[in-house]
Amino acid sequence: MLSRYLLLPVVIILALPMSVFSEGDVLTMEQVQTILKTTRDFSGKNLSRMKLTGMDLSKSNFRNSDLRDARMRGTDLNGADLRGANLKDALLDGANLRGVDFTGANLYCVTFHKSDLSGAKLNMTDLTIAEFVEAIVAGADFEGANIAGADFKGTNMSTVKN
C-alpha cells in the first residue's frame, strides 16, 4: 500500500540559452562594418571592449547590447537606441549623443567629458560615479536616474527636463 504513494524524485534539467554577453560572442570589426552597411541593428550584441572611436553609429540600434569598456571618443551616436544597454566603464568623451535613448541603461562609471547629450533620454539609468565634465545636457531627461557620485563639473544643469 505504501508504494502506491511513493513519489520518485524527478530531475528537471532546464536548457537555458547562453548569455548574449558571453566572452566568446564579441563581434569583430569586420562584423561591425557589415552591420553598419546593412541593418545598423546591434541589439543584444556583444561589443565589449571594442574601439569604436570616431565612427558614425548614428541612428543605430544597440538595445540591450553589451558595450562594457567600449571606447567611443568622438563617436556619432545621434538618435541611437541604447535602451537597456550595458555601457559600464565606457568612454564617450566628445561624442555626439543628441537624442540618444539610454532609458534603463547601465551607465555606471561612464565618462561623457565634453559630449553633447542634448535631448537625450537618461530615464531610469544607473549613472553612479559617471562623469559629465563640461558636457552639454540641454533638454536631457534624467527622470528616475541614479546620479549618486556623478560629476557634473562645468555642466549647465539648468536646462535639463528633470
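Residues numbered from 1 in each chain as written. Predicted model: local features only at pLDDT ≥ 70, side-chain atom pairs only at ≥ 80, totals over all residues. Heavy atoms only, no water.

Q: Break down the nonpolar core for me, citing the residues and quoting the values.
A: Leu87, Phe102, Phe112, Leu117, Phe132 and Phe142 are the most contacted members of the largest nonpolar core, which has 43 residues in total. Not counting the four nearest positions on each side in its chain, leucine 117 is found in contact with Leu97, Phe102, Phe112, Leu122, Phe132, Ala135, Ile136, Val137, Ala138 and Ala140. (Core = buried A, V, L, I, M, F, W, Y, C linked by side-chain atoms within 4.5 Å. Buried < 20%, exposed > 50% of the residue type's maximum accessible area, 1.4 Å probe, protein only. Contact = heavy atoms within 4.5 Å.)

Q: Quick rundown of unusual backbone geometry? Include the residues and the values.
A: For residues that are not glycine, phi is negative in most cases, and the peptide bond is trans in most cases. Phi is positive for cysteine 109, which is not a glycine, with a value near 60°. You will see that lysine 114, though not glycine, has its phi angle at about 55°, which is positive. Turning to its location among the elements, lysine 114 is positioned in the segment after α1 (29-37). By relative accessible area, lysine 114 is classed as exposed at 57%. (Helix = DSSP H or I, 4+ residues; strand = E, 2+ residues; numbered from the N terminus.)

Q: Can you break down the environment of aspartate 66 residue by residue, with the values?
A: Looking at the secondary structure, you find aspartate 66 in the segment after α1. C-alpha of aspartate 66 to C-alpha of asparagine 86: the two residues are 20 residues apart in sequence and 5.0 Å apart in space. Of the polar contacts made by the side chain of aspartate 66, one reaches the side chain of arginine 68; its length is 2.6 Å. (Polar contact = N/O pair within 3.5 Å; in protein donor to acceptor, adjacent residues only side chain to side chain.)

Q: Run through the packing of aromatic side chains, naming residues and quoting values.
A: In total, this model carries 6 aromatic pairs according to the counting rule given. On the numbers, 4.8 Å between centres and 5° between planes, the contact of phenylalanine 42 with phenylalanine 62 is stacked. One end of the pair, phenylalanine 42, is in the segment after α1; the other, phenylalanine 62, is in the segment after α1, with 20 residues separating them in the sequence. Across the pair, phenylalanine 62 and phenylalanine 42 agree in class, each one buried. (Phe/Tyr/Trp six-rings, centres within 6.5 Å; stacked < 30°, edge-to-face > 60°.)

Q: Give me the lowdown on the pattern of salt bridges, citing residues and values where you can.
A: Inspection of the entire model under this criterion finds 9 salt bridges. With its nearest N and O atoms 3.8 Å apart, the salt bridge here joins arginine 40 to aspartate 56. Of the two residues, arginine 40 sits in the segment after α1 while aspartate 56 sits in the segment after α1, which places them 16 residues apart along the sequence. The partly exposed category is assigned to arginine 40, whose relative accessible area is 22%. (Salt bridge = Lys/Arg side-chain N within 4 Å of Asp/Glu carboxyl O.)

Q: Quick rundown of the side chain of serine 118? Include the residues and the values.
A: Here serine 118 shows up in the segment after α1. Here arginine 98 takes part through its side chain, which lies 3.4 Å from a polar atom of the side chain of serine 118. Ignoring any residue separated from it by four or fewer positions in sequence, one finds serine 118 in contact with Leu97, Arg98, Gly99, Ile136 and Ala138.

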